[in-house]
Amino acid sequence: MAQERGRGTGTSSSDRTIIFACCGGLALLAVLAVVGTILMWLYVIRPSLPQMSRPGMLDATQPVVGEDLLAKSTLFEDSRLGPVTDIAIGDLDGQEGEEIVAVGRDGAAFLALDGTLTSFQGFPRGGKRAADVLAVVDVDGDGVCEYLRRGDVLWSTHTPELIGHDGQTLWTLPSDLEHSWLLAPGDVDGDGELEFAGSSLEGLFLLESDGALAWRQPLETGMSGAQVQMMDMDGDGQPEVVHSRMSQEEREMELVGRDRDGKVTHSIGRPIGALPTNVFMGFTVCRWPTTSGDPHVLTTASRRLELFDLKGETVLELEAEEAMPFDRVIATPVALRPNQPHVAVLVVSSAWEATFLHIYDAQGEELYREAREMIDPDAVWPALRAWQPPGEDMEVLLAGGANGVWEYRLSSD
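Residues numbered from 1 in each chain as written. Predicted model: local features only at pLDDT ≥ 70, side-chain atom pairs only at ≥ 80, totals over all residues. Heavy atoms only, no water.

(A) Up close: the pattern of salt bridges. Evaluation of the coordinates by the stated rule reveals 13 salt bridges. In this structure, the salt-bridge partner of Glu321 is Arg369, at a minimum N-O distance of 3.0 Å. Of this pair, Glu321 sits in the loop between β21 (314-319) and β22 (328-337) while Arg369 sits in strand β25 (residues 366-373), and the two are 48 residues apart along the sequence. For Glu321, a relative accessible area of 33% translates into the label partly exposed. A relative accessible area of 5% means that Arg369 is categorised as buried. Arg409 serves as the salt-bridge partner of Glu392, at 2.9 Å between the closest nitrogen and oxygen. Of this pair, Glu392 sits in the loop between β26 (380-387) and β27 (396-401) while Arg409 is found in strand β28 (residues 404-410), placing the two residues 17 residues apart along the sequence. Owing to a relative accessible area of 30%, Glu392 belongs among the partly exposed residues under this scheme. Sharing partners across several salt bridges, the network here consists of Glu319, Glu321, Glu366 and Arg369. (Salt bridge = Lys/Arg side-chain N within 4 Å of Asp/Glu carboxyl O. Helix = DSSP H or I, 4+ residues; strand = E, 2+ residues; numbered from the N terminus. Buried < 20%, exposed > 50% of the residue type's maximum accessible area, 1.4 Å probe, protein only.)

Here is the structure:
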């Protein structure tokens, strides 16, 4: 009879314990599935790829396409920098006149326009991965730059942070938002100060210029989010928070734009096959020279790059035999010849642990290709900047190196 007393229409404490345990177990399984996928890629799939089909161009000591097109030289090198992941040109030190700023994992070098070092700012060390990506930003537009440690291309082991001009940390990503993808800076509310958008396992978020959380937007059920960037999708002069997401149920990959409040304003959807060859995990915003100047989306696919307009239509397919769907890609227009626009594209391959620099003409024909392994001190890191030096009628291309900046210009031969 004593066993009958606890029975009734309500839920007993033991039942609630079972329910909570089941819910916790399901949540743990979901997290383990995500972590297992990442570990499978990092330690099983990726290590097997070089043995399967290592690109022969990695063994080449010279560019494999267009060897005579460009002349390459060292603009600046300093072992204190670390891998250079951004290059900015402008009035960024509070002093009169423009300078070149190269930011690396361990510090920032301020250069005169001829590449001469004028000052160096080191960053606090400790716990940084070589893959951490830093960017030069001017948060409040006062002409004195800060440095954004954006994180890693895969959930970073070093917390994203904003570093002041003096090298001291101004704020770090809140602990409940850790394990995010690369943070993206942009002034989405038009107040003259930068905000910072990111994506994590829990969804999207936007930070104010001081690092305070503006909003958090959980992703819809069945959707998985990835990379985030800022892009003006409607031509009103204000960037939207642009992110990718994928629905396994509907078999569709989307590129979604959100306004300052996190509401969806744009959506570009594309079906995906058994393998998502057109994923947007490594997309970049690019202005292609033959178009009207509207932003386009460039992303990697299997052995090629694809350029999309904001309607989701393919504009060009570019040859890139090393490319894989999950590679990261950045691009910039560059006028290597007067009135002859080109586009420089850098593919950062985690599978081959290498970078591949391509130069295409406006019609998408490949004119130049160079490959560098990341372990090589000659490696090109994910930083590209086109620039027209004073007194010259052609632009040059600046690219980040392992501890400095490489300069590419049209060969005089």
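(B) Geometry of the sheet that holds β21. Taken in spatial order, the four strands make up an open sheet running β18-β19-β20-β21, and their pairing is antiparallel. Strands with a single pairing partner mark the edges of an open sheet, and in this sheet they are β18 (284-286) and β21. Adjacent strand axes in the sheet meet at a mean angle of 30 degrees, parallel and antiparallel pairs treated alike. (Pairing = 2+ DSSP bridges. Axes fitted to C-alpha atoms, helices over the stretch in contact; angles between N-to-C directions.)

(C) Focus on the nonpolar core. One finds Trp288, Leu298, Leu305, Val345 and Phe356 to be the most contacted residues of the largest nonpolar core, which totals 23 residues. The set of elements that each furnish at least two residues to this core consists of β20 (304-308), β21, β22, β23 (340-349) and β24 (354-361). Apart from residues lying up to four places away in sequence, Val345 is in contact with Leu298, Leu305, Val329, Ile330, Ala331, Phe356, Leu357, His358, Tyr360 and Leu384. Of all hydrophobic cores here, the second largest spans 21 residues; its members include Leu357, Ile359, Ala399 and Ala402. (Core = buried A, V, L, I, M, F, W, Y, C linked by side-chain atoms within 4.5 Å. Contact = heavy atoms within 4.5 Å.)

(D) View of the pairing of β25. Burial within β25 is extensive, with six of its eight residues counted as buried. Bridging between β24 and β25 involves seven bridges; their strand directions are antiparallel. What sits directly across from Ala354, in β25, is Glu373. The hairpin turn running from β24 into β25, its antiparallel successor, is four residues long, and Gly364 in that turn takes a positive phi close to 95 degrees.

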